[in-house]
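Coordinates in review
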Number of protein chains: 2
Amino acid sequence: MKEGPDIALIGSLIGDPARANMLTALTGGKALTATELAATAGITVQTASSHLSKLETGGLLTQRKQGRHRYFALADDDVGLMIEGLMGFAAYRGFTRHRTGPKDPALRKARVCYNHLAGDYGVRMLDSMLAEEVIGGAGDKLTLTKAGEERMAALGIDLPALRRSRRPLCRTCLDWSERRSHLAGSLGQALLTLFLDKGWARREVESRAVCFTATGEKAFLRLFPVAG
Amino acid sequence: MKEGPDIALIGSLIGDPARANMLTALTGGKALTATELAATAGITVQTASSHLSKLETGGLLTQRKQGRHRYFALADDDVGLMIEGLMGFAAYRGFTRHRTGPKDPALRKARVCYNHLAGDYGVRMLDSMLAEEVIGGAGDKLTLTKAGEERMAALGIDLPALRRSRRPLCRTCLDWSERRSHLAGSLGQALLTLFLDKGWARREVESRAVCFTATGEKAFLRLFPVAG
DNA sequence: TCAATGCTTCGATCACGATCGAAGTATCAG
DNA sequence: CTGATACTTCGATCGTGATCGAAGCATTGA
């Protein structure tokens, strides 16, 4: 009864539909204002403000003041991973809100998972990196190989800078649509940023979907081939 | 707003303290009756019954009639993994109910995680199996190697029987106390059963703790050595 | 300085759900 | 059949928390 961690607190925070909607929206990775979040949740700003303060004291969100705006974002990677995990469970159980929306195929193909690439393409990328031994490791412990370091540096990724942060370089994140792992961590984030910067893909507005251009798709698939 | 899976449903199911207590109790792996669950949650049987039916229609529990008793258990491995995931997140955030109870050290050392071994010993076991290449694989994809098959068979584990079931043989499960992975899946379950059958360890009553005997501990550590 | 925007705080309302007593159903032992 | 145990269903109560209107701060721009 009173042993172990308290999951009820977190459950109740996520259990309210309005809060769940806001958290889901923030899983898109962008920091959003209170008014934006209120709109997506379908409530007034007052209620949203109340919810946001609860989520903040619960440690799920951080806020950043910028002029007269306050931008809210998920507190850190762990929150994103936890929510993705719940979404995976919910999706597997068929707890979907509207069966399958029109954007659903696009989301399953490629989407933003907090700050890295998810969906079919995300899973493919990690698969390919493991097959080509760019990334090695056992269990949930992923490490960048020597060959991997060269590949990443050649792509223009500043590894020393990533290593300077305390966040882990590589970690796995369970994909809710594929039910397989994709690459998270600061390297996962850096790779997604790279794709966007190179113009290989762009983010859909008002959605988590990531839309690859024709040339971007080719380049991506060449960079991360799949066996068979 | 209406894209993606609905996490609020699951959140609200877990969000009630009484239900969270029951689920936590059931993470111990044993099937429990409604009266037992009511006692651990500190509520009457009527309320417990109401909660249990909600959890069942939510797909988190299954019930099995046996005479005039009804035994409740977690629906499957996925539910256990999901709850352990939440516990990990909650523990890391310091959402503990009573700081650290007296049983806490024992729980951190070795405990039951739904149906397999968790805690320090659980993490050690997987580490050792990976180092000795009994289990191979990268990311979340764990596989038993040829050498591993022999080792497991020598221990008296009936691999063909395990393979006959549809459940995955090996999978990772995030440990909330160690924040590392331990071995789940049917093999993880079979190994814990083996330890208990061999008398190497026994389950604490009314707790998730697993208590190793002196000889059992020696045998376990010999079987799963750690480098360094 | 004034007006406009973005957000929070206060206060009141209201609904949902947790809770338990009482009664009803099922199973078992004699 | 009778009594006992295990659990569910019904009905009523009650408290918590979600919600929004109105007012209060804070920041920006003119």
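Residues numbered from 1 in each chain as written. Chains lettered and ligands numbered in written order. Predicted model: local features only at pLDDT ≥ 70, side-chain atom pairs only at ≥ 80, totals over all residues. Heavy atoms only, no water.

Right, let's get into the overall build of chain A. Looking only at helices and strands, one finds 11 helices and 11 strands in chain A. Radius of gyration (C-alpha) of chain A: 18 Å, near the 17 Å computed for a compact globule of 228 residues. Expressed as lengths along the three principal axes of its C-alpha atoms, the size of chain A is roughly 50 × 45 × 40 Å. When burial is assessed residue by residue, chain A has 50% of its 228 residues classed as buried. At a minimum sequence separation of 6, the contacts of chain A that also span at least 24 residues come to 58%. Accessible area of chain A: about 10500 Å², with a carbon and sulfur share of 53%. Placing the 32 positive and 24 negative side-chain charges of chain A at their respective mean positions leaves the two points 4 Å apart. (Helix = DSSP H or I, 4+ residues; strand = E, 2+ residues; numbered from the N terminus. Rg over C-alpha atoms; globule rule 2.2 N^0.38 Å. Buried < 20%, exposed > 50% of the residue type's maximum accessible area, 1.4 Å probe, protein only. Contact = heavy atoms within 4.5 Å. Areas by Shrake-Rupley, 256 points an atom, 1.4 Å probe, with all protein chains shown as cover. Lys, Arg positive; Asp, Glu negative; His and termini not counted. Charge placed at Lys NZ, Arg CZ, Asp CG, Glu CD.)

Moving on: the relation of the copies chain A and chain B. Of the transformation placing chain A onto chain B, the axial shift is 0.0 Å and the rotation is 180°, giving an RMSD of 0.1 Å. Read as a symmetry element, the transformation amounts to a two-fold axis. Measuring from the rotation axis to each C-alpha of chain A, the shortest distance belongs to A:Gly11, at 2.2 Å. (Least-squares fit on C-alpha atoms with pLDDT ≥ 70 in both.)

Residues and elements named next belong to chain B. Along the chain, Asp158 falls in the loop between α8 (146–155) and α9 (159–164). According to the relative accessible area criterion, Asp158 is partly exposed, its value standing at 45%. Between the alpha carbons of Asp158 and Glu132 there is a distance of 21 Å; along the sequence they are 26 residues apart.

Looking at DNA strand D, there are 21 residues lining it, with A:Gln46, A:His51, A:Lys54, B:Thr35 and B:Ser49 nearest. Expressed as a percentage, the sugar and phosphate content of the atoms of DNA strand D within 4 Å of the protein is 72%. Between DNA strand D and A:His51, the relevant distance is 2.6 Å, taken from a phosphate oxygen to a side-chain nitrogen or oxygen of the residue. Between a phosphate oxygen of DNA strand D and a main-chain N or O atom of B:Ala34, the distance comes to 3.5 Å. Only α2 (17–26) and α4 (45–57) of chain A together with α3 (34–41), α4 (45–57) and β3 (69–74) of chain B provide two or more residues apiece to the surface near DNA strand D. At 4 residues, the largest contribution of residues to the surface near DNA strand D is made by α4(A). (Near = heavy atom within 4 Å. Polar contact = N/O pair within 3.5 Å; in protein donor to acceptor, adjacent residues only side chain to side chain.)

Residue and element names in this part refer to chain A. Per the domain assignment, the segments of chain A are domain 1 (7–75) and domain 2 (79–223). Computed over C-alpha atoms only, the centres of domain 1 and domain 2 are separated by 24 Å. In this complex, domain 1 contributes 14 residues to the contact, which on the side of domain 2 involves 14 residues. Summed over both sides, the interface of domain 1 with domain 2 buries roughly 1100 Å², with 65% coming from carbon and sulfur. Where domain 1 packs against domain 2, one counts 0 salt bridges. Here domain 1 and domain 2 share 3 residue pairs in polar contact (both at pLDDT 80 or more) between them. Elements with a minimum of two residues in the side of domain 1 that touches domain 2: α1 (7–15) and α2. Broken down by element, the residue count for the side of domain 1 that touches domain 2 peaks at 4 residues, all from α2. Split into classes, the residues belonging to the side of domain 1 that touches domain 2 amount to 7 nonpolar, 6 polar and 1 charged. (Domains from an automatic or database assignment. Buried area = accessible area lost by both parts, 1.4 Å probe. Salt bridge = Lys/Arg side-chain N within 4 Å of Asp/Glu carboxyl O. Nonpolar A, V, L, I, M, F, W, Y, C, P; charged D, E, K, R; others polar.)

Residue and element names in this part refer to chain A. On the basis of which strands lie adjacent, the open sheet formed by 3 strands has the order β1-β3-β2 and antiparallel pairing. On the outer flanks of this sheet lie β1 (32–33) and β2 (61–66), each paired with one strand and no other. Judged from the 6 bridges that link them, β2 and strand β3 (residues 69–74) form a sheet pairing that is antiparallel. Paired with Lys65 across the strands is Arg70, a residue of β3. Packed on one face of the sheet, α2 meets β1, β2 and β3 and runs near 85° to β3. Each of β2 and β3 is contacted by α4, which is oriented at about 120° to β2, the strand it contacts most. (Pairing = 2+ DSSP bridges. Axes fitted to C-alpha atoms, helices over the stretch in contact; angles between N-to-C directions.)

What follows deals with the protein's contact with DNA strand C. DNA strand C sits among 21 residues. The nearest are A:Thr35, A:Ser49, B:Gln46, B:His51 and B:Lys54. Each atom of DNA strand C within 4 Å of the protein was assigned to sugar, phosphate or base; sugar and phosphate come to 72%. The side chain of B:Thr44 places a nitrogen or oxygen atom 3.1 Å from a phosphate oxygen of DNA strand C. B:Lys54 places a side-chain nitrogen or oxygen 2.6 Å from a phosphate oxygen of DNA strand C. Elements supplying a minimum of two residues to the surface near DNA strand C: α3 (34–41), α4 and β3 of chain A together with α2 (17–26) and α4 of chain B. Counting residues per element, the surface near DNA strand C draws most heavily on α4(B), at 4 residues. Tallied by class, residues from the surface near DNA strand C come to 4 nonpolar, 10 polar and 7 charged.

Moving on to the sheet that holds strand β2 (residues 61–66) of chain B. Residues and elements named next belong to chain B. Ordered in space as β1-β3-β2, the 3 strands form an open sheet in which the pairing is antiparallel. Both outer strands of the open sheet, β1 (32–33) and β2, are each paired with one neighbouring strand and no more. As defined by bridge partners, β1 adjoins β3 across 2 bridges and the pair is classed as antiparallel. By the bridge assignment for β3, Leu32 is matched with Phe72.

What follows concerns the layout of surface pockets. The computed volume of the largest pocket comes to approximately 1500 Å³. What lines the largest pocket is a set of 44 residues, and nearest its centre among them are A:Thr172, A:Leu174, A:Ser181, B:Thr172 and B:Leu174. Secondary-structure elements contributing two or more residues to the lining of the largest pocket are α5 (77–92), β7 (141–144) and β8 (171–174) of chain A together with α5 (77–92), β7 (141–144) and β8 (171–174) of chain B. Take the lining of the largest pocket: its biggest share by element is 9 residues, from α5(B). Per-class residue counts for the lining of the largest pocket are 19 nonpolar, 12 polar and 13 charged. (1 Å grid on protein atoms, 1.4 Å probe; cavity = no way out; pocket = protein on both sides within 12 Å on 5 of 7 lines; lining within 4 Å. Points joined across faces, edges and corners; volume = space filled by probe spheres on them.)

Looking now at the pairing of strand β9 (residues 181–184) of chain B. Regular strands place side chains that alternate from one sheet face to the opposite one. Residues and elements named next belong to chain B. Here 4 bridges tie β8 to β9, and the two strands are oriented antiparallel to one another. Within the sheet, the bridge partner assigned to Leu174 lies in β9 and is Ser181. As consecutive antiparallel partners, β8 and β9 are separated by 6 residues, and within that stretch Arg179 has a phi angle of approximately 55°, a positive value.

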